[in-house]
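# A look at the structure
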Amino acid sequence: MDDLQKKISVLQRVASEFNKEKLLWAVGASLLLYFKGMVKSFNDIDIMVDEKDVEKCKNILLNMGSIGDSNSNPQYKTRVFMEFTVDEVEIDVMAGFVIVEDNIEHDCSLKSDQIVEYITIGGESVPLQGLSLWRQYYEWMGRKTKVELIDSSLQGK
């Protein structure tokens, strides 16, 4: 199994557990761009989760792997940021995601209406946040390359 297949397999297992527990969660960041065919690979699995589901999420992922030290970044004031490793795959979990841009705090907490579609991986439903939403997030983060990538994709449709 190659690296990409391993990551997708881990995501399938995580999705199965999260869906059994009825967590409000969604995939974002580079994994979203991967599923939308905009990038050929991704480094880790970025998962947004509702703040009310943080403990359930943490317990599920601890049963599957281990938690690491999360490094704080002043650009983010995210209320909960956790890094897990499951079968050598890094999973970043964010709840109460906040991006600081020009001293303005943008609350990017997951809301159910931000889930714009679902994809199926190995029989498991995986919720995806919208590209336009992540375009805004990347703009606030100053990630010009990602903004341009999304813009060119959206214009091409």
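For the structure given in this document, a descriptive report is provided here. (Residues numbered from 1 in each chain as written. Predicted model: local features only at pLDDT ≥ 70, side-chain atom pairs only at ≥ 80, totals over all residues. Heavy atoms only, no water.)

Moving on, we come to the side chain of histidine 106. Along the chain, histidine 106 turns up in strand 7 (residues 104-107). Look at histidine 106 and you get buried, because its relative accessible area is 14%. Not counting chain neighbours up to four residues away, the residues in contact with histidine 106 comprise Phe97, Val98, Ile99, Glu101 and Trp140. (Helix = DSSP H or I, 4+ residues; strand = E, 2+ residues; numbered from the N terminus. Buried < 20%, exposed > 50% of the residue type's maximum accessible area, 1.4 Å probe, protein only. Contact = heavy atoms within 4.5 Å.)

Note: most residues except glycine have negative phi, and most peptide bonds are trans. A positive phi angle, near 50°, is found at aspartate 87, a position not held by glycine. The phi angle at glutamate 88 is positive, at roughly 70°, despite the residue not being glycine. Within the secondary structure, glutamate 88 sits in the loop between strand 4 (80-86) and strand 5 (89-95).

Moving on: helix 4 (residues 131-141). Residues of helix 4 that are buried: Leu131, Trp134, Tyr137, Tyr138 and Met141. One side of helix 4 carries all its buried residues, which in axial view fall inside an arc of 115°. Looking at the buried side of helix 4, the elements it contacts are helix 2 (29-35), strand 2 (45-49), strand 6 (98-101), strand 9 (124-129) and helix 5 (144-155). Note on helix 4: the residue one or two positions beyond its end, glycine 142, has a positive phi of about 75°. (Arc of directions from axis to C-beta.)

This model, assessed by the stated rule, comprises 10 salt bridges. A salt bridge links lysine 7 to aspartate 3; its shortest N-O distance comes to 3.2 Å. In this pair, lysine 7 and aspartate 3 both sit in helix 1 (residues 3-20), four residues apart, roughly one turn of the helix. Here lysine 7 falls in the buried class, since its relative accessible area comes to 8%. Across the pair arginine 13 and aspartate 87 runs a salt bridge, and its minimum N-O distance is 2.5 Å. Taken together, the positions of arginine 13 in helix 1 and aspartate 87 in the loop between strand 4 and strand 5 put the pair 74 residues apart, joining distant regions of the chain. Taking relative accessible area as the criterion, arginine 13 reaches 33% and is therefore assigned partly exposed. Overall, aspartate 87 belongs to the partly exposed group, its relative accessible area being 44%. Linked through salt bridges whose partners overlap, the residues forming this network are Glu51, Arg79 and Asp107. (Salt bridge = Lys/Arg side-chain N within 4 Å of Asp/Glu carboxyl O.)

Nothing here speaks to function; it is geometry throughout.
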